[in-house]
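# Summary of structural features
These are the residues of each chain, in order.
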Amino acid sequence: NAGVMQNPRHLVRRRGQEARLRCSPMKGHSHVYWYRQLPEEGLKFMVYLQKENIIDESGMPKERFSAEFPKEGPSILRIQQVVRGDSAAYFCASSTAGNQPQHFGDGTRLSIL
Amino acid sequence: DQQVKQNSPSLSVQEGRISILNCDYTNSMFDYFLWYKKYPAEGPTFLISISSIKDKNEDGRFTVFLNKSAKHLSLHIVPSQPGDSAVYFCAASVGTSGSRLTFGEGTQLTVNP
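### Thoughts on the overall build of chain B
- Within chain B one finds 0 helices and 11 strands.
- In sequence order, the secondary structure elements of chain B are arranged as β-β-β-β-β-β-β-β-β-β-β.
- Expected size for 113 residues packed as a compact globule is a radius of gyration near 13 Å; at 13 Å, chain B falls within 12% of this value.
- Dimensions along the principal axes, computed over C-alpha positions, put chain B at roughly 40 × 30 × 25 Å.
- Here chain B holds 113 residues, and 44% of them are scored as buried.
- Summarising the internal contacts of chain B: among those between residues at least 6 apart in sequence, 54% fall at separations of at least 24.

### Quick word on the packing of aromatic side chains
All names here are of chain A.
- Evaluation of the coordinates by the stated rule reveals 11 aromatic pairs over all chains.
- Judged by centre distance (5.4 Å) and plane angle (50°), the rings of Y35 and F104 are tilted. Of the two residues, Y35 sits in strand 4 (residues 31-37) while F104 sits in strand 10 (residues 103-104), which places them 69 residues apart along the sequence. Per residue, the accessibility class of Y35 equals that of F104, and both read buried.

### What to know about the interface of chain A and chain B
- Counting residues at the interface gives 25 residues for chain A and 20 residues for chain B.
- Across the interface of chain A and chain B, roughly 1700 Å² is buried in total on both sides, 54% from carbon and sulfur atoms.
- When the buried area of chain A at its contact with chain B is split by residue, A:L43, A:P101 and A:F104 rank highest and sum to 26% of it.
- For the side of chain A that touches chain B, the secondary structure elements donating two or more residues are strand 4, strand 5 (43-50) and strand 10 of chain A.
- Partitioning the side of chain A that touches chain B into residue classes produces 9 nonpolar, 10 polar and 6 charged.

### Considerations on the sheet that holds strand 1 (residues 4-5) of chain B
Residues and elements named next belong to chain B.
- The strand order across the open sheet formed by 5 strands is 1-3-8-7-6, and the pairing between neighbours is antiparallel. Because the sheet does not close on itself, it has two edges, and the strands there are strand 1 and strand 6 (56-59).
- Sheet topology places strand 1 next to strand 3 (residues 19-25); 2 bridges connect them, and they run antiparallel. Bridge pairing links K5 to D24 in strand 3.

### Looking at the side chain of B:K38
- When you line up the elements, B:K38 lands in strand 4 (residues 32-38).
- Buried charge without a partner: B:K38 forms no salt bridge, and the closest opposite charge is B:E42, 7.9 Å away.
- Only 3.0 Å separates the side chain of B:K38 from the backbone oxygen of B:E42, close enough to count as a polar contact.
- Excluding residues within four positions of it along the chain, B:K38 makes contact with A:Q37, A:F91, A:R109, B:G43, B:P44, B:A86, B:V87 and B:F89.

### Digging into the pairing of strand 9 (residues 88-95) of chain A
Residue and element names in this part refer to chain A.
- The element strand 9 is extensively covered by neighbouring structure, given that 8 of its 8 residues are classed as buried.
- With burial as the criterion, each face of strand 9 is covered, one bearing A88, Y90, C92 and S94 and the other bearing A89, F91, A93 and S95.
- Taken together, the 3 bridges between strand 9 and strand 11 (residues 108-112) define a ladder with antiparallel strand orientation. If you follow Y90 over to strand 11, its bridge partner there is T108.
- In terms of strand pairing, strand 9 meets strand 10 through 2 bridges, oriented antiparallel. Its bridge partner lying in strand 10, S94 is registered against H103.

Definitions and cut-offs
Residues numbered from 1 in each chain as written. Chains lettered and ligands numbered in written order. Predicted model: local features only at pLDDT ≥ 70, side-chain atom pairs only at ≥ 80, totals over all residues. Heavy atoms only, no water. Helix = DSSP H or I, 4+ residues; strand = E, 2+ residues; numbered from the N terminus. Rg over C-alpha atoms; globule rule 2.2 N^0.38 Å. Buried < 20%, exposed > 50% of the residue type's maximum accessible area, 1.4 Å probe, protein only. Contact = heavy atoms within 4.5 Å. Phe/Tyr/Trp six-rings, centres within 6.5 Å; stacked < 30°, edge-to-face > 60°. Buried area = accessible area lost by both parts, 1.4 Å probe. Nonpolar A, V, L, I, M, F, W, Y, C, P; charged D, E, K, R; others polar. Pairing = 2+ DSSP bridges. Lys, Arg positive; Asp, Glu negative; His and termini not counted. Salt bridge = Lys/Arg side-chain N within 4 Å of Asp/Glu carboxyl O. Polar contact = N/O pair within 3.5 Å; in protein donor to acceptor, adjacent residues only side chain to side chain.

Right, dumping it as structure tokens:
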């Protein structure tokens, strides 16, 4: 019974490159959430998706960031033209519909050189 | 605007004693509250939750108390064990289904043998 799977666990990019972070939700979960944790801070909500739909993207930076959760395959968080300030741990969570808590993956640690 | 606050960045207790972690919130729309535990380099692990229609929820060694009038919740761990040493995050949401979580900054709990 696999949990939320995120890959890669660590990602190093140079300024200006693109970063792609992947998240496979728990089996049976149709809701996916992305959170970002900057050093010494709590987790901050970025985006909430269901299959093929973005439900709430109010936490996403206006530029360079996008997310998708296609009909088939994992959810992708994409960061274009990365900058040093994008260095953080990015966590994905999933849940079923209804009164159930969100379960988190182990995150992707993004480092920008 | 920090809507969920954990005012104690750290807490140290002796093994076998009670650990009490506190959390305050400002948004009166929050009606679902959760506690997560996080080890370094791992994702948050769900511990326990409480709906605003209750004032207490218990699960084994963990009990969460909610005081709606004070906008305050607490997590009690009895008895504390060295393996409980981790960062504890309080989180809140409006509704339980498909809702973004707002996290506190976390409290580092250290349980000394």
